[in-house]
Amino acid sequence: MSDAVLRVNNLQTQFQTRGGVLKAVDGVSFEVACGRILGLVGESGSGKSVTGYSILGLIEAPGKVAGGEIILNGKDITRLKGDAMRQVRGAQIAMVFQDPMMTLNPVLKIGTQMIAAVRAHAKVSRKAARVKARDALAKVGIPSPDERLEAYPHQLSGGMRQRVAIAIALLHSPAVIIADEPTTALDVSIQGQILAEVRRLADETGTAFVWVTHDLAVVSSLADDICVMYAGRVVESGPAADVIASPRHPYTAGLLASVPAEHEPGTKLPQVPGSTPSLANLPQGCAFAPRCAKAGPACTTTPPVQHFEGGRTALCHYPIEPVSCQPLSLTSTTYRSAS
Amino acid sequence: MIGFLIQRVLQALMVVIAMSIIVFLGVYAIGNPIDVMIDPASDQALRAALIQRYGFDRPLIEQYFIFMNNMLHGDLGESFIYRLPVLNLILSRLPATLELALTAMMIATCLGIPLGLWAGYKPESLSAKAIMGFSVLGFSVPSFWVGLLLIMVFAVELGWLPSGGRGPTTEVLGMNLSITSLEGWSHILLPALNLALFKLGLLIRLTRAGTVEVMSSDYVRFARAQGLSEGKVVGLHVLKNISIPIVTVFGLELGSTLAFAVVTETVFNWPGMGKLIIDSITVLDRPVMVAYLILVVFLFVMINLVVDLIYGQLDPRIRVKAAS
Amino acid sequence: MSSSPALTLPAETTWSRFANFWSDFRQSPVAIAALIVVVVVVLMAILAPFVAPQDPYNQEALDLFDARLEPGETGSGGYVHWLGTDAAGRDIFSAILYGLRTSLIVGVMAGTLALVLGTTVGLIAAYYGGRVEALIMRVIDLQLSLPAILLALVLVALLGQGLMQLVAALVAAQYAYFARTTHGAASAERRKDYIEAALSTPLPARHVLFRHLLPNALPPLIVVATVQVANSIALEATLSFLGLGLPITQPSLGSLISNGFQFLLSGRYWISIYPGIALMLTVVAINLVGDQVRSVLNPRNSR
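Definitions and cut-offs
- Residues numbered from 1 in each chain as written.
- Chains lettered and ligands numbered in written order.
- Predicted model: local features only at pLDDT ≥ 70, side-chain atom pairs only at ≥ 80, totals over all residues.
- Helix = DSSP H or I, 4+ residues; strand = E, 2+ residues; numbered from the N terminus.
- Buried ≥ 20, exposed ≤ 12 C-beta atoms within 10 Å, placed from the backbone.
- Contact = placed C-beta atoms within 7 Å.
- pLDDT = per-residue confidence, 0-100.
- Core = buried A, V, L, I, M, F, W, Y, C linked by C-beta atoms within 7 Å.
- Pairing = 2+ DSSP bridges.
- Axes fitted to C-alpha atoms, helices over the stretch in contact; angles between N-to-C directions.
- Expected span 1.5 Å × (residues − 1).
- UniProt positions renumbered as here; feature names shortened; annotations may be inferred.
- Nonpolar A, V, L, I, M, F, W, Y, C, P; charged D, E, K, R; others polar.
- Parallel < 35°, antiparallel > 145°, perpendicular 65-115°, else oblique.
- Left-handed = near helix turned anticlockwise from the far one by under 90°.

Caption draft 1: Seen up close, the overall build of chain C. A tally of helices and strands in chain C yields twelve helices and two strands. Going from N to C terminus, chain C has its helices and strands arranged as α-α-α-α-β-β-α-α-α-α-α-α-α-α. For chain C, buried positions account for 46% of its 303 residues. A fraction of 66% describes how many contacts in chain C between residues 6 or more apart in sequence connect residues 24 or more apart.

Now the structure itself:
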């Protein structure tokens, strides 16, 4: 894909700790095109959120981006520092966080926070900034936006607050929005509304989304493409529908099998045995091998990236053979675009 | 809002009444004031006359009501020593103490908030650690001792500043103030600095703790993700958030600064209320003690009330609770 | 966090708990230095009669001929006054040792009594709840809103001068801090389900009080106690300096400093300054130790 707005190539993010160097992100690569939604899936500690923060240059000491490149609209932003990076953040690439209770300052009015965000990149009057903020609220489907500008965060519901956060991210029509588990803290019905809204925004504005989540059901209904992360690496990637219908990496298969929606009621729910390994103490070779039913002698060496047809990859010595049956859907609704 | 106000005012009133009873009983019920006023060996007629005059022969409760009644009419009694109305005596000393306390608070705020912000913004830096070390000294070293050191260094050794007294004053709005002249400033600088040190230590700690907390919050991360400059992050998010505890402490500490002025005024021979109360305690001038205590409690309660109201204005969450 | 630690952790001996505490404590070199200062100060105070060249209580041993000697001069007693002498010929070094003794006795006595009184009051409030709690805590809050120095000042004025009166004034001015701390920790525990369960059984009240409520209040109390001993010492010195504490015949650090104040302006700095340095070292060292104990006992307070 040459029309990628964001291309991440072999990203390395490390944390210097007393016990040594932790490779939280170890060679992650992916790309997103205009108007597309990429689901970045993984368990907690898999490095998916750190990937998001790395792209925005928000990694704080003792962490640092140690290698790789991040290309935004054809420009390398990996080494940007200080004010140069600040001018990219919020303008060309924005972020939405997990907990809408925490991402808005409780003691500042919504309007104050939005006007500050507008004026961080546009030299406009307070009044013009306010108009822009109001329009952004209207765009994400918030009723009576003028009143909301005067409200404090605690006067809005969780879903409403997350819409405000998305509106702030959209203010400067960024090329990419990185959303870090933005619906995890919300009720399922609200989550559905937000997902539908995001799909509509991606289609209408052409903004690309990187949707970081642990929830395969969300990804299956929203994302165009999928990247599954495990212990700081991308273990499988490809078009979302294909990956879910026929996973090639044993870890993806395990995750899919343990989603209750797909499971026959009354029988025991399969699990991925064991737990995510500590980054400080990763096994040699494939990090998933100790939990993998298919693991063989080769798994003590670093697995190769295997490329398959349909733009799919898997990081495995023994990938699962493709199945050719009807694609399964994890949920009855889908927000994926028809295109 | 009005309900909240009325409730707070009533509460404040209760506290003042309760304190007046405690102070009155404490000061009048222990010991016999008449022994202080006159030589115990003096003749019985004079004694009886004085007892009659000050109403010491009546039941304590009646004395209390007379005292309260007089107080409401602005009469807090007459000093045994100076033979002057106590209220006038204290009020004549009030400007000196207020001037000292406010100057000290100003010094503490102007230095403490920037230092605390810096220490909280770069908590691992050497300068931040030095600032924190200084703040520990600021509120653990007894203030009279710091006062002595200041006198020794700046007045005795260097000879830059006077060691005590108030210097020339100018009358402004009926109050005599030192800060209107350069020489007055040279007199107030050392005592105000001395009085400020404790508050300075406190403010640095408070500001630092608040800054560290806010800087690590998700909303600061979100603000950075929006591309807000560091100046804007600190100026908008950090300052607004820490302003709440700081206003509270500033208010509460204003009261205790008035009280701590007792020590500084003694060290620097500053003619304020604190010097008056120490002198009154040494000669057991009870009316002055009672009036001073009630006045200080009254000031305290008023300050707390104002702080509560400002607090409500600053923190929208409190405001909502109060309204509903 | 929720259940009693004894149920979830292997039995910890007092010794291993102390060993853990100590290995955390010594992480800070400043705290170690402070602890050494505290130990030295306490030893000097205890051993004062053996270390001091002169007994400053003994008026007859004082010789006016030795008055206002500069540090390092030799007096009529034939020994060197390393820190000089005061206007009455008192050896400053000896006076400081005896002064430390008085100051520490006052500080520790006031701190301990305030601890016992405050803890009792706080536990009673937390245990009974309801109106008793509301009333007690109102009074405590009111007292806390007034500066300790003011209360101590009034009480000393009312009770008169002397060691016992001074201690009483300090206790009255400081017990409220302990009461608030105990009440805070104990009432948080009181609301937990297992205490409600224990209260519905015929266990004696003291079981709940001493086995459950008190232990939970202990860590913050230890911190408050350390800081309050330092505060008591500082407050006593302040009162003595103001002329409301102990007389110079019974020297505490405060009265020694006060005694030398008038000579400061004439350049005889040593009479005030050396006792002041001793006071400052003691108070700051205790505070630093308290600070470190606080951060060790409270894992959230990482620095």
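Here the narrative resumes.
Caption draft 2: How the structure looks around the overall build of chain B. When its secondary structure is counted, chain B shows 13 helices and two strands. The 324 residues of chain B split such that 40% are buried.

Caption draft 3: The confidence of the model for chain C, seen in detail. Residue and element names in this part refer to chain C. Per-residue confidence for chain C averages 77 on the pLDDT scale, and 82% of its residues sit at or above 70. Across chain C, element-level confidence peaks in helix H5 (residues 92–128) with a mean pLDDT of 87 and bottoms out in helix H1 (residues 5–8) with 40. Residue range residues 1–11 is modelled with pLDDT below 50. Its contacts to residues more than four positions away, or to other chains, number one contact. Both scores are given for the predicted complex: the pTM is 0.77, the ipTM 0.82.

Caption draft 4: Geometry of the environment of B:Ile21. Residue and element names in this part refer to chain B. Note that Ile-21 resides in helix H1 (residues 2–29). The exposed category is assigned to Ile-21, around which 12 C-beta atoms lie within 10 Å. For Ile-21 and Leu-137, which are 116 residues apart along the polypeptide, the C-alpha to C-alpha distance reads 38 Å.

Caption draft 5: Region of interest: the nonpolar core. In this structure, A:Trp211 and C:Ala152 are the most contacted members of the largest nonpolar core, which totals 253 residues. For this core, the element with the most residues is H5(C), which contributes 17 residues. Contacts of A:Trp211, omitting those with residues within four sequence positions, involve A:Ile37, A:Leu38, A:Gly39, A:Leu40, A:Ala179, A:Val219, A:Leu222 and A:Ala223.

Caption draft 6: Seen up close, helix H4 (residues 110–119) of chain A. When you tally the buried positions in H4(A), you get eight out of ten residues, the bulk of the element. Listed in full, the buried residues belonging to H4(A) are A:Ile110, A:Gly111, A:Gln113, A:Met114, A:Ile115, A:Ala116, A:Ala117 and A:Val118. For H4(A), the elements touching its buried residues are helix H5 (126–139), helix H6 (145–150) and helix H7 (158–170) of chain A together with helix H10 (230–268) of chain B.

Caption draft 7: Layout of the sheet that holds strand S9 (residues 225–230) of chain A. Residues and elements named next belong to chain A. A sheet is described by the order of its strands in space; here eight strands give the open sequence S6-S7-S8-S3-S9-S10-S12-S11, paired in mixed fashion. Both edges of this open sheet fall to strand S6 (93–96) and strand S11 (305–308), since each of them pairs with a single strand only. Each strand axis lies, on average, 20° off the axis of its neighbour in the sheet, ignoring direction.

Caption draft 8: The sheet that holds strand S4 (residues 63–72) of chain A, seen in detail. Residues and elements named next belong to chain A. On the basis of which strands lie adjacent, the open sheet formed by four strands has the order S2-S1-S4-S5 and antiparallel pairing. Among the strands making up the open sheet, the edge pair consists of strand S2 (20–33) and strand S5 (75–76). In this sheet, S4 lies alongside strand S1 (residues 4–17) in antiparallel orientation, the contact comprising eight bridges. Its bridge partner lying in S4, Gln-12 is registered against Gly-67.

Caption draft 9: Seen up close, H5(C). All names here are of chain C. An ideal rise of 1.5 Å per residue puts 54 Å on 37 residues; H5 measures up with 52 Å between its terminal C-alpha atoms. Among the 37 residues in H5, 27 count as buried, and that is most of the element. Of the residues flanking the end of H5, it is Gly-129, one or two places downstream, whose phi is positive at about 65°.

Caption draft 10: Looking closely at the UniProt feature "transmembrane region" (unreviewed entry) in chain B. Residue and element names in this part refer to chain B. Here, UniProt's "transmembrane region" (unreviewed entry) annotation points to residues 12–31, 100–119, 131–156, 185–206, 242–263 and 289–311. As annotated, residues 131–156 comprises 92% helix and 0% strand, and the C-alpha atoms at either end are separated by 28 Å. Secondary structure over residues 185–206 splits into 100% helix and 0% strand, and the C-alpha atoms at its two ends are 29 Å apart.

Caption draft 11: View of the UniProt feature "transmembrane region" (unreviewed entry) in chain C. As annotated by UniProt and renumbered to match this structure, "transmembrane region" (unreviewed entry) occupies residues 30–52, 104–128, 148–173, 221–249 and 269–290 of chain C. Helix makes up 91% of residues 30–52 of chain C and strand 0%. Its end C-alpha atoms lie 29 Å apart.

Caption draft 12: Summary view of the interface of chain B and chain A. Taken together, the 19 residues of chain B in the interface contact 25 residues of chain A. For the side of chain B that touches chain A, the secondary structure elements donating two or more residues are helix H9 (218–225), H10 and helix H13 (316–323) of chain B. Counting residues per element, the side of chain B that touches chain A draws most heavily on H9(B), which supplies six residues. Within the side of chain B that touches chain A, the residues separate by chemical class into six nonpolar, six polar and seven charged.

Caption draft 13: Examining the pairing of strand S10 (residues 233–239) of chain A more closely. Residues and elements named next belong to chain A. With six of seven residues buried, S10 is to be regarded as a mostly interior element. The sheet contact formed by S9 and S10 spans six bridges and is antiparallel. Considered in S10, the bridge of Val-228 is made with Glu-236. As consecutive antiparallel partners, S9 and S10 are separated by two residues, and within that stretch Ala-231 has a phi angle of approximately 50°, a positive value. Both S10 and strand S12 (residues 312–315) contribute to a ladder of two bridges, which runs antiparallel.

Caption draft 14: Highlighting the packing of helix H8 (residues 163–190) of chain C against helix H10 (residues 205–241) of chain C. All names here are of chain C. It is the contact of H8 with H10, at a shortest axis distance of 9 Å, that shows an interaxial angle of 160°. The pairing of H8 with H10 is recorded here as roughly antiparallel in orientation. Between H8 and H10 the crossing geometry is right-handed.

Caption draft 15: Layout of unusual backbone geometry. Of note in the backbone geometry, A:Asn73 takes a positive phi value of approximately 50° without being a glycine. In this structure, A:Asn73 sits in the loop between S4 and S5.

Caption draft 16: Structural detail: the interface of chain B and chain C. Contacts between chain B and chain C engage 29 residues on the former and 32 residues on the latter. Only H1, helix H6 (126–140), helix H7 (143–157), H10, helix H11 (273–282) and helix H12 (286–314) of chain B provide two or more residues apiece to the side of chain B that touches chain C. For the side of chain B that touches chain C, a count of residues per class yields 22 nonpolar, seven polar and no charged.

Caption draft 17: Structural context of the confidence of the model for chain B. Looking at chain B as a whole, the pLDDT averages 78, with 85% of positions reaching at least 70. In this model residues 320–324 of chain B is a low-confidence stretch, pLDDT under 50, and it forms four contacts with partners more than four residues away in sequence or in other chains.

Caption draft 18: Quick look at the packing of helix H5 (residues 86–121) of chain B against H10(B). Residue and element names in this part refer to chain B. Here H5 crosses H10 at 145°, and the two axes come no closer than 10 Å. Every pair of crossing elements has a handedness; the one defined by H5 and H10 is right-handed. Residue-level contacts link Thr-97, Leu-100, Ala-101, Ala-104, Met-105, Thr-109, Leu-117 and Tyr-121 of H5 to Val-234, Phe-250, Leu-254, Thr-257, Leu-258 and Ala-261 of H10. Here the residues of the contact of H5 with H10 sort into eleven nonpolar, three polar and no charged.

Caption draft 19: View of the pairing of S9(A). Residues and elements named next belong to chain A. Of all the six residues making up S9, six are buried; the element is thus mostly covered by neighbouring parts of the structure. One ladder, built from four bridges, connects strand S3 (residues 37–41) with S9; its direction is parallel. Paired with Val-41 across the bridge in S9 is Val-228.

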